[in-house]
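What follows is the residue order along each chain.
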Amino acid sequence: MAGGGGGASEITLEFTPTWIVAVVCSVIVFISLFFERFLHYVGKTLKRKHQKPLFEALQKVKEELMLLGFISLLLTVFQGPIQKICIPESVTHHWLPCKREPAAAATEHFSVAGGMRRLLAGGGEGSDHCQRKGKVPLLSLEAIHQLHIFIFVLAITHVVLSLFTVLLGLAKIRLWRPWENSIHKEDDNVPLMIKHVHQFEFIEKRFKGFGKAAVVLSWLHSFFKQFYGSVTKSDYTTMRLGFIMTHCRGNPKFNFYNYMVRALEADFKRVVGISWYLWIVVVVFLLVNINGWHAYFWISFAPLVILLVVGTKLEHIITKLAHEVAEKHSAIEGDLIVTPSDDLFWFHRPKIVLFIIHFILFQNAFEIALFFWMLTTYGFDSCIVGKARFVIPRLAISVISQLLCSYSTLPLYAIVTQMGSSFKKAIFDEHVQEGLVGWAQMARKRTRKPIISEEDDSRPKGPSSENGNGITEEN
């Protein structure tokens, strides 16, 4: 890149007026500091309100932003070496997102674009270097810049949509708070009555009978139930009682609602992050974006299909709880009690549901981020965006998947995954959790201390002595 020659787009920093450099740096620094202070203020607010799970989720967002900054740094530093990696021109004629016009120049894809879009430093040195060898660069400067922008848009879209999903899911869960309050107001001294099992509303609405036909009917009922009234009051009260009788029998007034919300907030920090395997998914999706395959159109169906399967499974777990009671009892004295178990879940692991939801949200974010990035970068009529008959259904499916996951699947996950064999640490208040963690750390330190063997009994004793139980105590 020439120092003083060429167009304005080729002027280097040494020939740029200092006031321009100062103004640009001031604006960038101001925006960065404002955003950093905003996140700091949000963090202080969450800590003041004792929202530790949400504070940890905010820390996870900061980690993602730091990763984005590192990726940006790598793209900026290595853009020169990448441009100097030369490949034969024939290799670039395959696996293209758009069909190259015959009249286009052979090196059109690798030309360096000028104007306002040249934001990354560098010029056409890599292209000239490869042209002298009769080859073309691995990736053009403009392509590196576009990839840079897409990664940033993808990460921000995933964080925003994850936040939207959890907030909408919590709004749905808040509708269950009156059920919890009404339970706490009930009189515990009411005499127990014997009822036929089918007199319970939970059994009446969930139990579909015996036999193969009933199994098919229960699965169909579970599929459609996720679209309307996915969790009723009888479902909530029954699962709440089953959880309490299994994990905290001595506290019948345990606030199950608050525990469930704390557990969901704790899970949010996992959902908002982009794990290593999700970056592998991004690479695979970018790889299969080949002209004529319409891969993104078919991929867009995956989140919706998986979401429907997960929602049906969660609904069927509630139905299965009802079937287990109805099959074992004909009449029940007192309240209906179900038995939580990991056997109700896929591979006996309730946590696998969160992994699937995480994947669904990320894939949906990829679809939405990719569309708007392509729209703003290339325009709606570009070949890389695709034809309208493929684009519009993709957007519609993404919106439907996002709303269904937020308002149905996530609330179902929040309550149904409590039907596992174990409970989450959110069952304890924050100060109790900190006390237990401190106690566990002290216990581990004690077990790591060397134990004096019997062979050392003959040695002279120091300032330590043994008590009657044979445990060494420090004086």
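Structure: see above.
**Q** Please explain unusual backbone geometry as it appears in this structure.
**A** Although it is not a glycine, Trp95 adopts a positive phi angle of roughly 55°. Take Trp95: it is sitting in the loop between strand 1 (86-87) and helix 4 (125-131). Positive phi values are uncommon outside glycine, yet His348 reaches one of about 60°. On the basis of relative accessibility, which here comes to 48%, the residue His348 falls in the partly exposed class.

**Q** Explain the nonpolar core here, please?
**A** If you look at soluble globular proteins, the nonpolar side chains tend to sit buried side by side. By size, the foremost hydrophobic cluster in this structure holds 65 residues, and its most contacted members are Trp176, Ile203, Tyr236, Phe243, Met260 and Ile415. Here this core takes eleven residues from helix 13 (residues 301-328), the largest share from any one element. With sequence-adjacent residues up to four places away left out, Trp176 is seen in contact with Val231, Tyr236, Tyr257, Met260, Pro411 and Ile415. With 28 residues, the next largest nonpolar core counts Ala155, Ile274, Tyr296 and Phe362 among its residues.

**Q** I would appreciate a short explanation of helix 11 (residues 276-287) in the present structure.
**A** Side chains three or four residues apart in an α-helix point the same way, a direct result of the helix having 3.6 residues per turn. For helix 11, spanning twelve residues, the distance from its first C-alpha to its last is 17 Å, which sits close to the expected 16 Å at 1.5 Å a residue. Taken together, the buried positions of helix 11 are occupied by Leu278, Trp279, Val281, Val282 and Phe285. Down the axis of helix 11, the sector holding all buried residues measures 150°, keeping them to one side. Relative to its buried face, helix 11 has exposed residues pointing more than 90 degrees away, namely Trp276 and Val283.

**Q** How do you make sense of the pattern of salt bridges when you look at a structure like this?
**A** Oppositely charged side chains may form a pair once their charged atoms are brought near each other. Per the stated rule, a full pass over the model turns up six salt bridges. The shortest N-O distance in the salt bridge between Glu36 and Arg37 comes to 2.9 Å. Taking the shortest distance from any N to any O, the salt bridge between Arg394 and Glu367 comes out at 2.4 Å. On the criterion of sequence distance, the pair formed by Arg394 in helix 15 (residues 388-416) and Glu367 in helix 14 (residues 351-378) is long-range, its members being 27 residues apart. Exposure remark for Arg394: the relative accessible area of 7% places this residue in the buried category.

**Q** Where do I start with helix 6 (residues 177-184) in this structure?
**A** For helix 6, every residue scored as buried is listed here: Trp179, Glu180 and Ile183. The buried residues of helix 6 occupy an angular sector of 100° when projected down its axis, which confines them to one face. Packed against the buried residues of helix 6 are helix 9 (233-247) and helix 10 (256-271).

Cut-offs and rules
- Residues numbered from 1 in each chain as written.
- Predicted model: local features only at pLDDT ≥ 70, side-chain atom pairs only at ≥ 80, totals over all residues.
- Heavy atoms only, no water.
- Helix = DSSP H or I, 4+ residues; strand = E, 2+ residues; numbered from the N terminus.
- Buried < 20%, exposed > 50% of the residue type's maximum accessible area, 1.4 Å probe, protein only.
- Core = buried A, V, L, I, M, F, W, Y, C linked by side-chain atoms within 4.5 Å.
- Contact = heavy atoms within 4.5 Å.
- Expected span 1.5 Å × (residues − 1).
- Arc of directions from axis to C-beta.
- Salt bridge = Lys/Arg side-chain N within 4 Å of Asp/Glu carboxyl O.

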